[in-house]
Each structure stands twice: as C-alpha cells, then as structure tokens.
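These are the residues of each chain, in order.
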Amino acid sequence: MPRSGSLLLPLAALGAALVFLGRLAFVAPPSPSLRAREVRSLVAVSANPNSVPTGLVWPSPEAEAKLREVDGITMYPTHAWTDDMKPIVPAASALDATPVI
C-alpha cells in the first residue's frame, strides 16, 4: 500500500526541533544585547561609585593590622570597609507588621 502524505510536515517539525535544541544548547550565537562589554557596563553602573579598592590581599601583615571585629562579625579590610561603617545598623523606620520570609 503506497504512503500518502507530504514530507513537508515532518521536515518542518525537524527544523523547529533543531532550532529549539540549538538555542537550548547555546549553539546559536548570543543575542547582540548580551555582549560581554554591555554586561560589564551594566555592572559598573550598578556598583557603588564611592567604593575605593583597598589593594590589600589576605593574608598579609597590612591586612591583619586593619582587621577589626564589630558585634562578632569580622570585617576584613579587603572588602573596603571604612572606619565609620558598621555591619548591622538599626532600621530607618518601623514596620507595621513583622515580615514573613
């Protein structure tokens, strides 16, 4: 008995599956909006503009000299803590209800 039907539908399904798997497996090039330099610029915009790198590495005698502990929290000088910063601060305003996590 001869088969009746078109090869168009199976070929279209195969093409769609290949396109989907290609995108899923990152075979296709990334979209232009996610280029590395654009991602880096987004990070620079969202970072703290007043943050100054300390240049200290851990462990070193210079870093150990600036190491401090506040309320049981060790504040490493490699994270750009300034002298006036505290790890835990009181809330700026009170909440009406206790938040649910």
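Quick caveat, the model's predicted, so the values are computed rather than measured. (Residues numbered from 1 in each chain as written. Predicted model: local features only at pLDDT ≥ 70, side-chain atom pairs only at ≥ 80, totals over all residues. Heavy atoms only, no water.)

A. Main features of the overall build of the protein. Looking only at helices and strands, one finds three helices and two strands in the protein. Going from N to C terminus, the protein has its helices and strands arranged as α-α-α-β-β. Split into buried and exposed, the 101 residues of the protein put 7% on the buried side. Long-range pairs, those at least 24 residues apart, make up 10% of the contacts in the protein with a sequence separation of at least 6. For the protein, the exposed area adds up to about 9500 Å²; of that, 65% sits on carbon and sulfur atoms. (Helix = DSSP H or I, 4+ residues; strand = E, 2+ residues; numbered from the N terminus. Buried < 20%, exposed > 50% of the residue type's maximum accessible area, 1.4 Å probe, protein only. Contact = heavy atoms within 4.5 Å. Areas by Shrake-Rupley, 256 points an atom, 1.4 Å probe, with all protein chains shown as cover.)

B. Structural view of the packing of aromatic side chains. Counted under the stated rule, the structure contains one aromatic pair. Ring geometry for Trp-58 against Tyr-76: centres 5.1 Å apart, planes inclined by 85°, an arrangement best described as edge-to-face. Taken together, the residues span a long stretch of sequence, with Trp-58 in the loop between helix 2 (36–46) and helix 3 (61–66) and Tyr-76 in the segment after strand 2 (73–75) at a distance of 18 residues. What makes Trp-58 partly exposed here is its relative accessible area of 39%. On the accessibility criterion, Tyr-76 (34% relative accessible area) is partly exposed. (Phe/Tyr/Trp six-rings, centres within 6.5 Å; stacked < 30°, edge-to-face > 60°.)

C. Seen up close, unusual backbone geometry. The residue after Trp-58, namely Pro-59, is reached through a cis peptide bond having omega -5°. Summarising the element assignment, Pro-59 is placed in the loop between helix 2 and helix 3. With a phi close to 55°, Asp-71 is a non-glycine residue in the positive phi region. We classify Asp-71 as exposed; its relative accessible area is 62%.

D. Focus on a nonpolar patch on the surface. A surface patch of nonpolar side chains, amounting to about 430 Å² of accessible area, comprises Leu-7, Leu-11, Leu-14 and Leu-18. Mapped onto the secondary structure, Leu-11 falls in helix 1 (residues 8–24). We classify Leu-11 as exposed; its relative accessible area is 55%. (Patch = residues over 30% accessible without salt bridge, like charges linked within 9 Å, V, L, I, M, F, W, Y side chains within 5 Å. Salt bridge = Lys/Arg side-chain N within 4 Å of Asp/Glu carboxyl O.)

E. Structural detail: the environment of Thr-78. Structurally, Thr-78 is set in the segment after strand 2. Residues Thr-78 and Leu-67, 11 residues apart in the sequence, show an inter-C-alpha distance of 9.0 Å. Filtering out sequence-adjacent residues up to four positions away, Thr-78 remains in contact with Thr-54, Leu-56, Val-57 and Trp-58.

F. Region of interest: the side chain of Ser-60. Of note, Ser-60 is situated in the loop between helix 2 and helix 3. At 3.2 Å, the side chain of Ser-60 forms a polar contact with the backbone nitrogen of Ala-63. (Polar contact = N/O pair within 3.5 Å; in protein donor to acceptor, adjacent residues only side chain to side chain.)

G. Structural view of the confidence of the model for the protein. Taken as a whole, the protein shows an average pLDDT of 75; of its residues, 66% reach a score of 70 or greater. Taking the mean pLDDT of every element in the protein, the minimum, 52, falls on helix 2 and the maximum, 88, on helix 3. (pLDDT = per-residue confidence, 0-100.)

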